[in-house]
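Summary of the model geometry
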Amino acid sequence: LLNTIHATFGDQPADVLRGAADEVLAVLKNQHMTDPERQKECESLLGSFSNERFAELVAIGKLINDFVGEGEVVPGGDGEGIDEDIGVAVEFEDEEEEGDDEVDEIAESDDGEEESDEEAAAKERALQGAADMDADADGAGDDGGLKVQEIDAYWLQRRISTSLGGMEAAAAQRLAQEVFEALQGDDASAVETRVVQLLGLDHFDLAKELLRNRLKIVWVSKLRQAQDEAETAAIEDQMRQDPAAAAILAELHATRTSARDRQTAMERSIREEARRLRQGEGAAAAGDEAGAAAAGEEGRTRGGAAAAAAGAAAGRSVIDLDGLVFTQGGHFMSNKGCTLPPGSYRTTKKGYEEVHVPALKPKPYADGEKLVAITDLPDWAQPAFGGMQSLNRVQSRVCDTALYSSENMLVCAPTGAGKTNVAMLCILHELGLHRRADGSIDMASFKVVYVAPMKALVAEMVGNFTKRLGEAYGLQVRELTGDVNLTKQEIEETQIIVTTPEKWDIITRKSDDRTYTQLVRLMIIDEIHLLHDTRGPVLESIVARTIRQIESTQEMTRIVGLSATLPNYDDVGTFLRVKPTKGLFYFDNSYRPCPLAQQYIGITIKKPLQRFQLMNEICYNKVLDCAGKHQVLIFVHSRKETAKTALYLKQTALDNDHLAKFMRDDSASREILQVCAAAAGGVGS
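Reference entry: report on the structure contained in this document. These figures come from a predicted structure and were not determined experimentally. (Residues numbered from 1 in each chain as written. Predicted model: local features only at pLDDT ≥ 70, side-chain atom pairs only at ≥ 80, totals over all residues. Heavy atoms only, no water.)

1. Overview of the overall build of the protein chain
This is how the line gets drawn: By definition, any uninterrupted DSSP run of H or I lasting at least four residues is a helix, any uninterrupted run of E lasting at least two residues is a strand, and each is numbered from the N terminus. Using a 1.4 Å probe, accessible areas were evaluated by the Shrake-Rupley method; residue-level cover was limited to the displayed protein chains.
From N to C terminus, the protein chain includes 26 helices and 10 strands. Accessible area for the protein chain stands at about 41,900 Å²; split by element, carbon and sulfur atoms hold 52% of it.

2. Points about the sheet that holds strand S10 (residues 598-603)
Heads up, the rule is: Between any two strands, pairing holds if DSSP finds at least two bridges. Every axis in this analysis is a line fitted to C-alpha atoms, fitted for helices over the stretch in contact. Angles between the N-to-C directions lie between 0 and 180 degrees.
Pairing is antiparallel across the open sheet formed by 3 strands, whose spatial order is S1-S2-S10. One side of each edge strand has no neighbouring strand; the edge strands of this open sheet are strand S1 (345-349) and S10. Strand-to-strand, the axes of this sheet are offset by a mean angle of 20 degrees, without reference to chain direction.

3. Describing the sheet that holds strand S8 (residues 558-563)
Working definition: the strands of a sheet are paired by backbone hydrogen bonds and lie parallel or antiparallel to each other. Strand order in the open sheet made by the 7 strands is S5-S6-S4-S7-S8-S3-S9, with parallel pairing throughout. In this open sheet, the two strands that pair with only one neighbour each are strand S5 (477-480) and strand S9 (584-586). Averaged over all pairs of adjacent strands, the angle between their axes in this sheet comes to 15 degrees, without regard to strand direction. Bridge count between strand S3 (residues 409-412) and S9: 3 bridges; the pairing is parallel. Bridge assignment links Cys412 to a residue of S9, and that residue is Tyr586.

4. Remarks on a nonpolar patch on the surface
Here is the rule: Put simply, a patch holds well-exposed residues, over 30% relative accessible area, that have no salt bridge, with like charges counted together within 9 Å and Val, Leu, Ile, Met, Phe, Trp or Tyr side chains within 5 Å. Counted as salt bridges are all cases of a side-chain nitrogen of Lys or Arg within 4 Å of a carboxyl oxygen of Asp or Glu. Burial classes: relative accessible area under 20% of the type maximum marks a residue as buried, over 50% as exposed, and values in between as partly exposed (1.4 Å probe, protein chains only).
Where nonpolar side chains cluster on the molecular surface, the patch consists of Val632, Ile634 and Val636 and spans about 200 Å² of accessible area. As for its placement among the helices and strands, Val632 is situated in the loop between helix H24 (608-626) and helix H25 (639-655). Overall, the relative accessible area of 39% leaves Val632 in the partly exposed class.

5. Brief notes about the pattern of salt bridges
Within the structure shown, the criterion is met by 16 salt bridges. The salt bridge partner of Arg436 is Asp442, with a shortest N-O separation of 3.4 Å. Arg436 sits in the partly exposed class, given a relative accessible area of 43%. Here Arg478 makes a salt bridge to Glu493, at a shortest N to O gap of 3.9 Å. On the criterion of sequence distance, the pair formed by Arg478 in strand S5 and Glu493 in helix H20 (residues 488-493) is long-range, its members being 15 residues apart.

6. A closer look at the nonpolar core
Convention followed: Definition of nonpolar core: a set of buried residues of the types Ala, Val, Leu, Ile, Met, Phe, Trp, Tyr and Cys, connected through side-chain atoms within 4.5 Å. Here a residue-residue contact requires only that any non-hydrogen atoms of the pair lie within 4.5 Å.
Core analysis: the largest hydrophobic core is formed by 47 residues, its most contacted members being Phe385, Leu428, Tyr450, Phe465, Leu469, Ile496 and Val498. Among the elements that take part in this core, helix H18 (residues 419-433) stands out by supplying 8 residues, more than any other. Contacts of Phe385, omitting those with residues within four sequence positions, involve Ile374, Leu377, Leu391, Asn421, Met424, Leu425, Leu428 and Arg468. Counting 34 residues, the second-largest nonpolar core is a separate cluster that includes Leu199, Leu211, Val218 and Leu223.

7. Overview of the packing of helix H1 (residues 2-9) against helix H2 (residues 14-28)
Applied cut-off: For any pair of crossing helices, the crossing counts as left-handed if the nearer helix is rotated counterclockwise from the farther one by less than a right angle, and right-handed if it is rotated clockwise. Each residue gets one of three labels, nonpolar for Ala, Val, Leu, Ile, Met, Phe, Trp, Tyr, Cys and Pro, charged for Asp, Glu, Lys and Arg, and polar for the others, Gly among them.
It is the contact of H1 with H2, at a shortest axis distance of 10 Å, that shows an interaxial angle of 115 degrees. Handedness of the crossing formed by H1 with H2: right-handed. Facing Leu2, Ile5, His6 and Phe9 of H1, the residues of H2 in contact are Leu17, Arg18, Ala20 and Ala21. In terms of residue class, the contact of H1 with H2 is made up of 6 nonpolar, 1 polar and 1 charged.

8. Focus: the packing of aromatic side chains
Our working definition: Classification of ring pairs uses Phe, Tyr and Trp, with its six-membered ring standing for Trp, and accepts pairs whose centres are within 6.5 Å; under 30 degrees between planes counts as stacked, over 60 as edge-to-face, and the remaining range as tilted. A ring is considered to have a charge above it if a Lys NZ or an Arg CZ atom is located within 6 Å of its centre and within 35 degrees of its normal.
Throughout the structure, instances matching the rule amount to 3 aromatic pairs. Plain terms: the ring middles of Tyr450 and Phe465 are 5.4 Å apart, the flat faces sit at 75 degrees to each other, and that makes the pair edge-to-face. One end of the pair, Tyr450, is in strand S4 (residues 447-451); the other, Phe465, is in helix H19 (residues 455-473), and 15 residues separate them in sequence. Aromatic side chains Phe587 and Tyr591 sit 5.0 Å apart centroid to centroid with 75 degrees between the ring planes, which places their arrangement in the edge-to-face category. By relative accessible area, which is 0% here, Phe587 ends up buried. Using a relative accessible area of 15% as the deciding quantity, one classes Tyr591 as buried. The side chain of Lys222 reaches across the aromatic face of Trp219, ending 5.0 Å from its centre.

9. Regarding the environment of Glu479
Heads up, the rule is: Polar contacts, as used here, are pairs of N or O atoms within 3.5 Å; protein pairs need one atom able to donate a hydrogen and one able to accept it. Residues neighboring in sequence count only if both atoms are side-chain atoms.
Here Glu479 lies in strand S5. Assessed through its relative accessible area of 21%, Glu479 is described here as partly exposed. When the C-alpha atoms of Glu479 and Lys455 are compared, they prove to be 9.1 Å apart, with 24 residues separating the residues in sequence. Sequence-distant contacts of Glu479, defined by excluding residues within four places in its chain, comprise Val458, Ala459, Val462, Val484, Leu486 and Val498. One polar contact links Glu479 to Thr481, side chain to side chain, over a distance of 3.1 Å.

10. Notes on unusual backbone geometry
What is expected of a backbone is that most residues other than glycine have negative phi and most peptide bonds are trans. Unusually for a residue other than glycine, Glu527 sits at a positive phi of about 55 degrees. Here Glu527 shows up in the loop between strand S7 (520-525) and helix H22 (536-553). Exposure remark for Glu527: the relative accessible area of 24% places this residue in the partly exposed category. With a phi close to 60 degrees, Arg577 is a non-glycine residue in the positive phi region. Along the chain, Arg577 turns up in the loop between helix H23 (569-575) and S9.

11. Notes on H2
Selection rule: Under the convention used throughout, the expected extent of a helix is 1.5 Å for every residue step, that is, one less than its residue count.
In this model, H2 (15 residues) spans 21 Å end to end at C-alpha, consistent with the 21 Å of a helix rising 1.5 Å per residue. Taken as a whole, H2 has its buried residues at Val16, Leu17, Gly19, Ala20, Ala21, Glu23, Val24, Leu25, Val27 and Leu28.

12. Brief notes about the side chain of Thr557
By secondary structure assignment, the location of Thr557 is in the loop between H22 and S8. A polar side-chain atom of Thr557 sits 3.0 Å from the main-chain carbonyl oxygen of Val520. Setting aside residues up to four positions removed in sequence, Thr557 forms contacts with Asn408, Val520, Arg521, Leu522, Met523, Thr546 and Ile550.

Structure representation (structure tokens):
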């Protein structure tokens, strides 16, 4: 049945295909309908098809005898089903019996697998080392449970995230909080049932581990999450009143004491090692220098390892970097709230809702604000703006900083606001710094790097800069991407390098090779809002290396970031070392050259097939609203869906007699169709 529906619908998500199969089966199993009525209903779901195809669907439906439609009761006697809300009670074996089972399992595995003497010796040394590091390991491991020093404020979240691999950090955090609340219950049976419900039967072993160490996890996590000493003291008082919790508290205090002892011993060892290292270096300086170098290297290695061990023993806070990762990339929204602009409104219709966001009106000019005419620029800079009469509002606002200063800049402006000309102003400033008295430019004393996110954009910018700067100033502009490499001679001859983040990241990793970077005086990073995307770390490394090179060489490299509108532009400006009062510019959507009105449509129907059909209907209605007025772009998820959507629009327009609305009376398409129709009519006659 799914294959038949897939042949009809093509490349669609699995939930749409399954939903269509469910609805077709519901029609075929409906005993109150006749066969013609069933065929008509199936055609409304799948489109028109032959009687043979309908007979095939009926035969397939008869083979499926376990289908249950909506509202029908699952056949079976009382007690056969499982209540999804209450679940089932799960009883666990006693810890003593489970410990015996574990011993038996270990013995069986030992019989089945033979270890070499070297592996056994390695395990023996590892176990002995662990015993030396943890003085209380024997006491904590008697019941096969957790050691209290392993539990911190986020242990439960990490354990759940590791066991349920692939879960996002936010979901793991919510699940960990629910499990933690369940573990605090008083009724052991209810706690077991709730934990198993939350984790699922697929993770039964994890549930057993959490329930076996329930008290340790609850009390130690509470202590680790305490915000101040008063809260910690209150929790400890509660633990002393419970014998089981008091034992955990005593074990925790013993662990802290042993940790302090280990830290003191480690610090003493480090001091002794440093003293011996100094004495060894002094003796070696009078004798063998090579031996002193080897001893010093060995001492530094031992000292570094000892310092690292001391830090671990001291229980210093550890940052959980895995928990900070957002797997959604650029789709992740970190804003705590989201509000619609003024003037927005919502309309509710059958099966869907619409949210309308009106276009922002352009802001009035401020006092003294005016557009900068091209003739107001220096004479030598005007050829770069051939054919233009003046800069727009965004370019005029940033002109003084971009063209007449060396400040780092971050310009956040909507798409189409003219950020490319802002980059041109910054390049012209760099040219002005290297102009000779006779007006010529010292081509060998500087380079400009323009970082664009995509190869297609790189090629476009190379053509743009070559036309505007190559002809007027004789600058050499070249592309540097994964497909195009430059020789050392070509690098020397090039003044403007247009590259991608990944390529420039690879090149600048070689700290000892400054062939590309030693003369870079201006770096322009386009679309820097991609810091929020999965490619963000690449841009971070580029900026960090540039700043480090500036600090180490004391040679100035100007950094200019161009971006779409950013919510946290202050943070990005700080990262780029931009002075907020001089180089930070933010322009909202009111500065768009073409005002943008937005409509967001949310489908409220739950059934996948009906949702898919409604999306097609809404698409046709929106296209019909724009028909004959202006062009329309429709984006779909696959090539097959492109053809299917076009056919649906055409067929719906034919069925509703709306074709005339899609072409204006004076359009060339209408004239061509009329000529072809007349010719076809003449042939037919």
